[in-house]
Amino acid sequence: MEFLTHVPVDPTVVLPFLAAVALMELTPGPNMGWLAIVSLSQGRTAGLAAVAGITLGLTLWMVAAAFGLTEVVLLWPALYQTIRWAGVGFLLWLAWDAWRSTGDGADAAPVETRRRALFRRGLIGNLLNPKAALLYVVLLPGFIRPAHGSTLTQALALGSLHVVVSVIVHSVIVLTAARAGGALLTRTQGPAMRAVMALGLVAIAIWTAWETRA
């Protein structure tokens, strides 16, 4: 089958790679928890805006890893710890912001403004997650076949497949949580909802600190 010679990656690694990244994305993690909280409390479009930010952050890490830039994180443990604790601190700030918010300002803000804010938070949160960098450093080399062609092209192709899988999984989480959120919002409002969001974000911050420990 001559067309397979033009595929940027070895066709025999595609299914195993997809299975590996799907398993990783389906494993509960900070992104999954945050997206669920956003979608439960603010609905589908808010959750999808957060997905867009997370996806951009993941894509930037993927491109950096393909060019070998993320190996710096492994060479300098202090940099890894700086990124790690900055990410934890960012989540704790989000928790504090959710707790002190009255809700009126958020509701009064234009929809586009709220979406942009969630997009930025998703982007920053993922850029401050060193596990995203290490994922590519550790995972990609096992599926790259130097004899098949350019290792950079293979890294970018496989990384792009992972990004697509992450978008699918994250979107399903958003749609599921948003559907459940309709009933939740009718029962939980005001201070109770802010407390739920803040405690959820604190739990995700603790989760992140534990998951990214080196």
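Quick caveat: nothing in here was measured; it's all calculated off a predicted structure. (Residues numbered from 1 in each chain as written. Predicted model: local features only at pLDDT ≥ 70, side-chain atom pairs only at ≥ 80, totals over all residues. Heavy atoms only, no water.)

Enquirer: It is not clear to me how the overall build of the protein should be interpreted in this structure. Could you clarify?
Expert: Counting its secondary structure elements, the protein contains ten helices and zero strands. Listing the helices and strands of the protein from first to last along the sequence gives α-α-α-α-α-α-α-α-α-α. A burial count over the protein gives 42% of its 214 residues as buried. Partitioning the contacts of the protein with sequence separation of at least 6, the portion at a separation of at least 24 is 84%. Total accessible area computed for the protein in this model is approximately 11300 Å², and 71% of it derives from carbon and sulfur atoms. (Helix = DSSP H or I, 4+ residues; strand = E, 2+ residues; numbered from the N terminus. Buried < 20%, exposed > 50% of the residue type's maximum accessible area, 1.4 Å probe, protein only. Contact = heavy atoms within 4.5 Å. Areas by Shrake-Rupley, 256 points an atom, 1.4 Å probe, with all protein chains shown as cover.)

Enquirer: How should I be thinking about the packing of helix α5 (residues 77-100) against helix α7 (residues 111-127) in this particular structure?
Expert: Each pair of packed helices can be described by the angle between their axes along with the distance between the axes. Between α5 and α7, whose axes approach to 8 Å, the crossing angle comes to 150°. Taken together, α5 and α7 sit at an angle that is classed as roughly antiparallel. Together, Ile-83, Phe-90, Trp-93, Leu-94 and Asp-97 of α5 and Arg-121, Ile-124, Gly-125 and Leu-127 of α7 make up the contact between the two elements. For the contact of α5 with α7, the per-class residue count stands at six nonpolar, one polar and two charged. (Axes fitted to C-alpha atoms, helices over the stretch in contact; angles between N-to-C directions. Parallel < 35°, antiparallel > 145°, perpendicular 65-115°, else oblique. Nonpolar A, V, L, I, M, F, W, Y, C, P; charged D, E, K, R; others polar.)

Enquirer: Is there a simple way to think about the packing of aromatic side chains in this case?
Expert: Aromatic rings considered in pairs are described by the distance between their centres and by the relative angle of their planes. For the coordinates displayed, the defined rule picks out two aromatic pairs. Here Phe-17 and Phe-143 contribute two aromatic rings whose centre-to-centre distance is 5.2 Å and whose plane-to-plane angle is 80°, an arrangement assigned as edge-to-face. Residue Phe-17 is found in helix α1 (residues 11-26), and its partner Phe-143 is found in the loop between α8 (130-139) and α9 (151-187); the two are separated by 126 residues along the sequence. You can call Phe-17 buried: its relative accessible area is 0%. With centroids separated by 6.2 Å and ring planes inclined at 20°, the aromatic side chains of Phe-90 and Trp-93 adopt a geometry described as stacked. Of this pair, Phe-90 and Trp-93 both sit in helix α5, three residues apart, which is roughly one turn of that helix. (Phe/Tyr/Trp six-rings, centres within 6.5 Å; stacked < 30°, edge-to-face > 60°.)

Enquirer: Sorry, what's going on with the UniProt feature "transmembrane region" (unreviewed entry) in the protein here?
Expert: UniProt tags residues 12-36, 48-69, 75-96, 123-144, 156-180 and 192-210 as "transmembrane region" (unreviewed entry). Split by type, residues 123-144 is 68% helix and 0% strand. Its first and last C-alpha atoms lie 27 Å apart. (UniProt positions renumbered as here; feature names shortened; annotations may be inferred.)

Enquirer: Looking at this structure, I do not really get helix α3 (residues 44-66). What am I missing?
Expert: In an α-helix, one turn spans 3.6 residues, which is why side chains three or four residues apart end up on the same side. Under the 1.5 Å per step criterion, the end-to-end length of α3 is 32 Å for 23 residues, consistent within 8% with the ideal 33 Å. Where α3 terminates, the next one or two residues include Gly-68, which has phi positive at roughly 80°. (Expected span 1.5 Å × (residues − 1).)

Enquirer: Would you explain a nonpolar patch on the surface in this entry?
Expert: Taken together, the side chains of Val-72, Leu-75, Trp-76 and Leu-79 define a hydrophobic patch exposed on the protein surface, amounting to about 410 Å² of accessible area. Residue placement: Leu-79 occurs in helix α5. Judged by relative accessible area, which is 31%, Leu-79 ranks as partly exposed. (Patch = residues over 30% accessible without salt bridge, like charges linked within 9 Å, V, L, I, M, F, W, Y side chains within 5 Å. Salt bridge = Lys/Arg side-chain N within 4 Å of Asp/Glu carboxyl O.)

Enquirer: Would you take a moment to explain the side chain of Ser-41 for this structure?
Expert: Along the chain, Ser-41 turns up in helix α2 (residues 30-42). Among the polar contacts made by the side chain of Ser-41, one reaches the main-chain carbonyl oxygen of Ile-37 at a distance of 2.8 Å. Separated by 3.4 Å, the side chain of Ser-41 and the backbone oxygen of Val-38 make a polar contact. (Polar contact = N/O pair within 3.5 Å; in protein donor to acceptor, adjacent residues only side chain to side chain.)

Enquirer: What am I meant to see in the pattern of salt bridges here?
Expert: Pairing of side chains with opposite charge becomes possible as their charged atoms draw close. Across all of its chains, the model carries one salt bridge by this definition. The partner of Arg-115 in a salt bridge is Glu-112, with the nearest N and O atoms 2.9 Å apart. With a gap of three residues between them, Arg-115 and Glu-112 both fall in helix α7, about one helical turn apart. Exposure remark for Arg-115: the relative accessible area of 28% places this residue in the partly exposed category.

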